[in-house]
Amino acid sequence: MEQTPAATSTVTARRDDDAESVFLDIMQNPASDDPYSHYRELRDMAPALITSDGTLVLTGHAECDAALRHRSLGRGDDMDGFRLAPVPQEQVTEVMATLRRSMAFVDPPHHARLRRPVSSVFTHRQVEGLRPAVVAHTDRLLARLDGAAGGDFMEAVAKPLPEIVISDLLGIPESDRASVLPNSQALAALMEPVTDAAVFRAAAEAQRALCDYFAELLARRRARPADDLLSRLGTAAEGGGLSDDEIVSTALLLLGAGIKTTTHLLGNGVRALLDHPEQWERLREDPALIPSAVQELLRYDTPAQLDARVALEPTWFAGVELEPGQTVMTVIGAANRDPSRFPDPERLDVGRGENAHLSYAAGVHFCLGAQLANLEAEVLLQRLVTGAVAIAPAGPARRRIGLGLRGFDTLPVALTR
């Protein structure tokens, strides 16, 4: 998806105790089934809010877009994005030491050096080459849901499909996946602004175990290269590419980000279409709408609801001067339903035209795997709407508790042919 030019912020950030109360309620009650009404209330009160601790909270599309592209707002050297997480600082420090060896957590110019060796795998041509394999995997997984009894869409399809695709891409042997992939699920806690200390500790332990695993797998791939990303990076490293620690952190990033966000894109998307059967029917009648439908599903109920930045230097933004280290919280879920950017934003419209959602972020940190996630979602919809398949709810769904990642723990459905 091409990025549109950044909009210019036209609002001035301000303090507002009532708006801050709404913001804190959103952050501290992540189990809400409908955060969007609260986002709307916050955006109407203060599209750019300065909280009492100095955090700049943005809910307008123009402001979020401009912040994500601003070169003076980056990842920084601290973890202010976790300021609400009641976890020991030494655990945060350990986790961040690993994350900061990957492209998602560093700023230019180091960002480009880390991203460049990986980007060739995610070009349109390379991703399209994966389509036959993704189709085969999708058909096999959907077969699990055949029949009136159905099953859990998250467990049967939404979770394993991204796991298989990313594991194949990285070169994780099938014999290792049963022990490796559960650790990737624990990493989701690292994306939450409010995290239970025990859950965060488990995520840190999972990260440590995955780092050990990828270091060992990298050594195996160097000794016996295969046609996978880890082999490619290992060979390039010997020629002056990434260090071993950077390769391991990159593999960790791709495993975590490539699985959980896509899992919830698939789950949120299917649920949104089940809630809007007229949109399912539109896709059945016109499958050419599937690519635009995927973008609309990303906008309508995005998996990544928040994205934090830090002022890297004294910066004038949204009418105020930000000091170095000051946190800027972009509320992506709110920006994606901003009526000043999207006509009738509360309506799901699979044929929506120009769709400048921010679900893949923007600027230098625009999601590297966006085309791969799009492919997986497009293939899933194509197999559902063009086959002789009807999909229907088969029981109550249960949302996961969290705001950094919005999705489902369970989503019972039944497929009939």
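As a starting point, this report considers the structure included with it.

### Quick notes on helix α11 (residues 197–223)
A rise of 1.5 Å per residue sets the reference length of α11, with its 27 residues, at 39 Å; its end C-alpha atoms lie 40 Å apart and thus fit the reference within 8%. Residues F200, A203, A204, A206, Q207, L210, C211, Y213, F214, L217, L218 and R221 constitute the buried set of α11.

### Focus on the pattern of salt bridges
Tallied over the full model, the rule gives 30 salt bridges. Residue R299 pairs with E296 through a salt bridge whose shortest N-O separation is 2.9 Å. Placement of both R299 and E296 in helix α15 (residues 290–300) is noted, with a separation of three residues, approximately one turn of the helix. Looking at E296, the relative accessible area reads 0%, which means it is buried.

### What about the packing of aromatic side chains?
This model, assessed by the stated rule, comprises three aromatic pairs. Geometrically, the ring pair formed by Y36 and Y39 is edge-to-face, given 5.6 Å between the ring centres and 80° between the ring planes. Of this pair, Y36 and Y39 both sit in helix α2 (residues 36–45), three residues apart, which is roughly one turn of the helix. The pair formed by Y36 and Y39 is uniform in burial state, with each residue classed as buried.

### A short note on the sheet that holds strand β2 (residues 56–58)
If you trace the five strands from one edge of the open sheet to the other, you get β1-β2-β8-β5-β3, paired in mixed fashion. The outermost strands of the open sheet, each flanked by one partner alone, are β1 (48–50) and β3 (73–74). Packing of helix α1 (residues 17–28) onto the sheet brings it into contact with β1, β2, β5 (306–311) and β8 (327–331), and relative to β1 it is tilted by some 90°.

### Considerations on empty space enclosed by the protein
For the coordinates displayed, the defined rule picks out two cavities of 30 Å³ or more. The calculated volume of the second largest cavity comes to roughly 50 Å³. L265, L266, G269, V270, V294, L297, A377, L380 and L381 together form the lining of the second largest cavity. Of all the elements in the fold, those that place two or more residues in the lining of the second largest cavity are α13 (244–275), α15 and α17 (370–386). Counting residues per element, the lining of the second largest cavity draws most heavily on α13, at four residues. Within the lining of the second largest cavity, the residues separate by chemical class into eight nonpolar, one polar and no charged.

### Observations concerning the nonpolar core
F153, L170, F214, L255, L283 and L381 are the most contacted members of the largest nonpolar core, which totals 91 residues. Look past the residues within four positions of L170 in its chain and what remains in contact with it is F214, D228, L229, L230, A251, L254 and L255. In this structure, F317, I332, L358 and A362 belong to the second largest nonpolar core, which totals 20 residues.

### Remarks on the environment of S292
With respect to the helices and strands, the residue S292 is situated in helix α15. Spatially, the C-alpha atoms of S292 and P30 are 29 Å apart, while their sequence positions differ by 262 residues. Excluding residues within four positions of it along the chain, S292 makes contact with V350, G351 and R352.

### Concerning the environment of P182
Relative to the helices and strands, P182 resides in helix α10 (residues 174–186). Considering only alpha carbons, one finds P182 and A206, 24 residues apart in sequence, at a separation of 8.6 Å.

About the cut-offs
Residues numbered from 1 in each chain as written. Predicted model: local features only at pLDDT ≥ 70, side-chain atom pairs only at ≥ 80, totals over all residues. Heavy atoms only, no water. Helix = DSSP H or I, 4+ residues; strand = E, 2+ residues; numbered from the N terminus. Expected span 1.5 Å × (residues − 1). Buried < 20%, exposed > 50% of the residue type's maximum accessible area, 1.4 Å probe, protein only. Salt bridge = Lys/Arg side-chain N within 4 Å of Asp/Glu carboxyl O. Phe/Tyr/Trp six-rings, centres within 6.5 Å; stacked < 30°, edge-to-face > 60°. Pairing = 2+ DSSP bridges. Contact = heavy atoms within 4.5 Å. Axes fitted to C-alpha atoms, helices over the stretch in contact; angles between N-to-C directions. 1 Å grid on protein atoms, 1.4 Å probe; cavity = no way out; pocket = protein on both sides within 12 Å on 5 of 7 lines; lining within 4 Å. Points joined across faces, edges and corners; volume = space filled by probe spheres on them. Nonpolar A, V, L, I, M, F, W, Y, C, P; charged D, E, K, R; others polar. Core = buried A, V, L, I, M, F, W, Y, C linked by side-chain atoms within 4.5 Å.

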